[in-house]
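Structural overview
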Amino acid sequence: MKLVEIPKASGGKRPLGIPTVSDRIAQTVVTMVLEGCVEPVFHPDSYGYRRGKSALDAVEVTRRRCWRFDWVVDLDIKEFFDSLDHDLVERAVAHHTDVAWVRLYVSRWLRAPVQTRDGTRIPRRQGTPQGGVISPLLANLYLHYAFDVWMRRRFPQCPFARYADDAVVHCRTREEAEAVVEALRGRLRECHLKLHPNKTRIVYCKDDDRPGESECVCFDFLGYTFQPRLARNRWGKRFVSFLPAISTKAARAIRQTIRSWRLSSRWLCQDLADLATLINPAVRGWMNYYGRFYRSRCVSLLRYLDEVLAAWARRKFKRLSRRKTGAIHWLGRVARREPCLFVHWEFGVRPTAGV
């Protein structure tokens, strides 16, 4: 298994274990067999890497529960994939299947050393490397017993949503939330895991119906930031509700991706249709995911894309090179003539002189 390190958004590097082609095929077969055994027993509020469930489903159920419960425990398990206990993983697999070759292959993959670029082999005594086909299923199985089943037994009154190792728990009072954190810290210790001391937080879901105060009134979950936001009721009256919208971290990553395209320097020989072919798949994905909730925040972010397109037009066409507003007006005329050329124009994001 080859070790590849990729940069993390929060700093540092994330190690990935890339299996050989033959191992990847074998892991796919084992995953298909094991998934049929464990999927029926998984908790309905486990959303990560499962058929018929998605991250947006987890965001939606969390949004609705934040209206019913005053407090949220925002959980972060420190170095989860690197900390899985091999013996506990094997016991969980053995509990669901007695197929000898499935159990044998899982054991071998867990303990297989990783090879660095210089050929050095590093033995592994714990953890499952991210990048393997079977790793998400093993992670879900591990947390099913370490977290899901335990929460249902110990705190049945506190619903949760979990996507792999990212989870939130809803509580009615701060005292209940503190009890959950303390008990969960001990439970994870039993499973050789650890709550991140700085990233695990208790959050107050503040809105117009909750006049109380707390030092923490927002949390991030699956690329969305939940916090008090202005909304309108069915009669058009404005009020403050606790709602999700695209997170600052995700918005920053989108801006960085747009900058990395370098439209004003690398694509001057192309026309707008060529740019649309490059841009539209990514923008459609962003809008489908981040535009599901509180779309106006995502729409305002994509106005930056029109700034980049206007900069491209100023460099490509001499008649537009002197004035920024001239390029914006030209782009606006194109948008009125071909409103479906760019995906974000279809969603109502149109170039204006105020951009």
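Read on for a plain summary of the structure.

Side note on the overall build of the protein chain
The number of helices and strands found in the protein chain is 13 helices and 11 strands. Taking all 355 residues of the protein chain together, 47% fall into the buried category. Residue pairs at least 24 apart in sequence account for 63% of intrachain contacts in the protein chain once pairs closer than 6 positions are excluded. Surface accessibility of the protein chain: about 18,500 Å² in total, with carbon and sulfur atoms responsible for 50%. The distance from the centre of the 63 positive side-chain charges to the centre of the 37 negative ones in the protein chain is 8 Å.

Considerations on the sheet that holds strand β8 (residues 201-204)
The antiparallel open sheet is built from 4 strands, whose spatial order is β6-β7-β3-β8. Of all the strands in the sheet, just β6 (160-163) and β8 have a single pairing partner and so form its edges. Geometrically, the sheet is characterised by an average inter-axis angle of 20° between neighbouring strands, direction not taken into account. Strands in contact with helix α7 (residues 174-190) are β3 (71-76), β7 (166-171) and β8; relative to β3, the strand with the most contacts, it is inclined by about 20°.

Quick notes on helix α6 (residues 135-154)
Over its 20 residues, α6 runs 27 Å from end to end, which matches the ideal 28 Å to within 8%, given 1.5 Å per residue. Roughly 50° is the biggest bend found in α6, and it falls at H144. Burial of α6 is extensive: 14 of the 20 residues sit out of reach of the surface.

Here we look at the sheet that holds strand β11 (residues 238-246)
What the 3 strands build is an open sheet, ordered β9-β10-β11; its pairing is antiparallel. Either end of the sheet is taken by a strand with one partner, and the two such strands are β9 (219-221) and β11. Direction aside, neighbouring strands of the sheet carry axes that sit 50° apart on average.

So, the packing of aromatic side chains
Any two aromatic rings considered together are summarised by their centre-to-centre distance and by the angle between their planes. With the rule as written, the count across this model stands at 17 aromatic pairs. Plain terms: the ring middles of F147 and F160 are 5.0 Å apart, the flat faces sit at 75° to each other, and that makes the pair edge-to-face. On the criterion of sequence distance, the pair formed by F147 in helix α6 and F160 in strand β6 is long-range, its members being 13 residues apart. Judged on exposure class, the residue F147 and its partner F160 are both buried. Taken together, the aromatic side chains of Y224, Y289, Y290 and F293 make up a single cluster linked through ring pairs.

With respect to the nonpolar core
Ranked by internal contacts, the top residues of the largest apolar core, which has 58 residues, are F219, I279 and F342. When residues in this core are grouped by element, the largest group, 11 residues, is from helix α11 (residues 295-316). Excluding residues within four positions of it along the chain, I279 makes contact with W261, L263, L305, L309 and F342. L34, A92, L143 and C158 belong to the second-largest nonpolar core, a separate cluster that totals 46 residues.

Some thoughts on the state of the cysteines
What the rule picks out here adds up to 0 disulfides. Between C158, a free cysteine, and C171, which holds the nearest cysteine sulfur, the sulfur-to-sulfur gap is 4.0 Å. Note on C158: relative accessible area 3%, which makes it buried. Considering cysteine sulfurs only, C158 is the nearest to C191, which forms no disulfide, with 19 Å between them.

Observations concerning the packing of helix α1 (residues 21-38) against α6
Where α1 meets α6, the closest approach of the two axes is 10 Å, and the angle between their N-to-C directions is 25°. One element, α1, and the other, α6, form an angle in the roughly parallel class. Here α1 runs over α6; the crossing is left-handed. Together, T31, L34, E35 and V38 of α1 and L137, L138 and L141 of α6 make up the contact between the two elements. Here the residues of the contact of α1 with α6 sort into 5 nonpolar, 1 polar and 1 charged.

Focus: unusual backbone geometry
For Y49, which is not glycine, the phi dihedral falls at a positive 60°. As for its position among the elements, Y49 is in the loop between α1 and α2 (55-68). Phi at L222 is positive, roughly 55°, even though this residue is not glycine. With respect to the helices and strands, the residue L222 is situated in the loop between β9 and β10 (224-232). A relative accessible area of 16% means that L222 is categorised as buried.

Some points on the pairing of β6
The pairing of β6 with β7 spans 4 bridges and is antiparallel. Following the sheet pairing, F160 is matched in β7 by V169.

Considerations on the side chain of R187
With respect to the element layout, R187 can be found in helix α7. Here R187 falls in the buried class, since its relative accessible area comes to 17%. Look past the residues within four positions of R187 in its chain and what remains in contact with it is Y145, A146 and W150.

How each quantity is defined
- Residues numbered from 1 in each chain as written.
- Predicted model: local features only at pLDDT ≥ 70, side-chain atom pairs only at ≥ 80, totals over all residues.
- Heavy atoms only, no water.
- Helix = DSSP H or I, 4+ residues; strand = E, 2+ residues; numbered from the N terminus.
- Buried < 20%, exposed > 50% of the residue type's maximum accessible area, 1.4 Å probe, protein only.
- Contact = heavy atoms within 4.5 Å.
- Areas by Shrake-Rupley, 256 points an atom, 1.4 Å probe, with all protein chains shown as cover.
- Lys, Arg positive; Asp, Glu negative; His and termini not counted.
- Charge placed at Lys NZ, Arg CZ, Asp CG, Glu CD.
- Pairing = 2+ DSSP bridges.
- Axes fitted to C-alpha atoms, helices over the stretch in contact; angles between N-to-C directions.
- Expected span 1.5 Å × (residues − 1).
- Bend = angle between axes of the 7 residues up to and from the residue.
- Phe/Tyr/Trp six-rings, centres within 6.5 Å; stacked < 30°, edge-to-face > 60°.
- Core = buried A, V, L, I, M, F, W, Y, C linked by side-chain atoms within 4.5 Å.
- Disulfide = S-S within 2.5 Å.
- Parallel < 35°, antiparallel > 145°, perpendicular 65-115°, else oblique.
- Left-handed = near helix turned anticlockwise from the far one by under 90°.
- Nonpolar A, V, L, I, M, F, W, Y, C, P; charged D, E, K, R; others polar.

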